[in-house]
Amino acid sequence: MTVVLLVEALGIGALNWFLGVVVERQKMSMAGLDPHLMSTSSKIGGVVFGLYFLLCALVALLVAVRDRAPAGFGRVVLISAAVVHGLLGAFAWGLVNATAFLVMVVVLALLVLLLVSYDRDGGPAEAAPGGDGGTGGGPRAADEPVDARTVPPGEPVAGRPAEPQDGDDEPQDAVPERLTRPVPTTP
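Just so it is clear, the structure is predicted and the values come from calculations on it, not from any experiment. (Residues numbered from 1 in each chain as written. Predicted model: local features only at pLDDT ≥ 70, side-chain atom pairs only at ≥ 80, totals over all residues. Heavy atoms only, no water.)

**With respect to the overall build of the chain**
- In terms of helices and strands, the chain carries four helices and zero strands.
- Here the chain, with 187 residues, has 20% of them falling under the buried criterion.
- For the chain, the share of sequence-separated contacts (at least 6 apart) that also reach a separation of at least 24 residues comes to 54%.
- Accessible surface, the chain: about 14,100 Å² in total, of which carbon and sulfur atoms supply 65%. (Helix = DSSP H or I, 4+ residues; strand = E, 2+ residues; numbered from the N terminus. Buried < 20%, exposed > 50% of the residue type's maximum accessible area, 1.4 Å probe, protein only. Contact = heavy atoms within 4.5 Å. Areas by Shrake-Rupley, 256 points an atom, 1.4 Å probe, with all protein chains shown as cover.)

Laid out in structure tokens, this is it:
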């Protein structure tokens, strides 16, 4: 992805610079605008968009090196680049040809893949509880409740002492009691 954005930054910058030179040498004017102003604007636009895509390439490189999802400003930059490529793809379909459209869609797909291919917390996903038949389950999250029926007798359950407490002898409901009554939706 970084290489694609670097090539795109150089291509956009060079194309706008070339168009600025052509406008200046041909003394072209559009609707009475000054040719020098048009040439300078094209060159500035090429530099600005080139730097923007270089920033996007830097963010993509940092994501790859850190092996973490982009966050904060970097995420916003990549999302804006995806939106720009979506719009450029739409304009390319109508104004250029299907090949330019497909190139923009491929870059858009790579940006979206970069944005969604990492977990929310930035690390590898934990194994789901249950495991395969012989292991007895994977790691449990810290806030996941412990089912006392699965703990062998005599071993303490996290958060509860090993000896029985008042009320442990009595049967417990499997479903907790409702705190509020449901309100009817019809009068």
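**Let's talk about the UniProt feature "transmembrane region" (unreviewed entry) in the chain**
- Listed under "transmembrane region" (unreviewed entry) in the UniProt record, and renumbered for this structure, are residues 44-65, 72-93 and 99-118.
- In this annotation, residues 72-93 is assigned 95% helix and 0% strand; the end-to-end C-alpha distance for the span is 32 Å.
- Across residues 99-118, helical content stands at 90% and strand content at 0%; the span's end C-alpha atoms are separated by 30 Å. (UniProt positions renumbered as here; feature names shortened; annotations may be inferred.)

**Thoughts on the pattern of salt bridges**
- In total, this model carries one salt bridge according to the counting rule given.
- A salt bridge links Lys 43 to Glu 24; the nearest nitrogen and oxygen atoms lie 3.3 Å apart. In this pair, Lys 43 is assigned in helix H2 (residues 35-66) and Glu 24 in helix H1 (residues 2-26), connecting sequence segments 19 residues apart.
- We classify Glu 24 as partly exposed; its relative accessible area is 29%. (Salt bridge = Lys/Arg side-chain N within 4 Å of Asp/Glu carboxyl O.)

**A look at the nonpolar core**
- With 17 residues, the main nonpolar core has Leu 5, Cys 56, Leu 78 and Leu 111 as its most contacted residues.
- Of all the secondary structure elements, the ones that give two or more residues to this core are H1, H2, helix H3 (73-95) and helix H4 (98-116).
- It is H2 that provides the largest number of residues to this core, a total of seven residues. (Core = buried A, V, L, I, M, F, W, Y, C linked by side-chain atoms within 4.5 Å.)

**Quick look at the packing of aromatic side chains**
- One pass over the full model with this rule turns up three aromatic pairs.
- Residues Trp 93 and Phe 101 carry aromatic rings whose centres are separated by 4.9 Å and whose planes lie at 70 degrees to one another, so their mutual orientation is edge-to-face.
- Note on Phe 101: relative accessible area 25%, which makes it partly exposed.
- Among the aromatic residues, ring-to-ring pairing joins Phe 49, Tyr 52 and Phe 53 into one connected group.
- Looking at Lys 43, its charged tip hangs above the ring of Trp 17, at a distance of 4.9 Å from the centre. (Phe/Tyr/Trp six-rings, centres within 6.5 Å; stacked < 30°, edge-to-face > 60°. Lys NZ or Arg CZ within 6 Å of the ring centre and 35° of its normal.)

**A closer look at H2**
- Here H2 contains 32 residues, and its C-alpha end-to-end distance of 46 Å stays within 8% of the 46 Å for a straight helix at 1.5 Å per residue.
- Backbone geometry just after H2 places Asp 67 at a positive phi near 55 degrees. (Expected span 1.5 Å × (residues − 1).)

**Digging into unusual backbone geometry**
- A positive phi angle, near 55 degrees, is found at Asp 67, a position not held by glycine.
- Looking at the element boundaries, Asp 67 is found in the loop between H2 and H3.

**Notes on H3**
- Its 23 residues give H3 an end-to-end C-alpha distance of 32 Å, which sits within 8% of 33 Å, the value for a rise of 1.5 Å per residue.
- Contacts from the buried residues of H3 go to H1, H2 and H4.

**Let's talk about the environment of Ala 60**
- Structurally, Ala 60 can be placed in helix H2.
- Sequence separation between Ala 60 and Arg 75 is 15 residues, and the spatial gap between their C-alpha atoms is 9.6 Å.
- Setting aside residues up to four positions removed in sequence, Ala 60 forms contacts with Met 1, Thr 2, Leu 5 and Leu 114.

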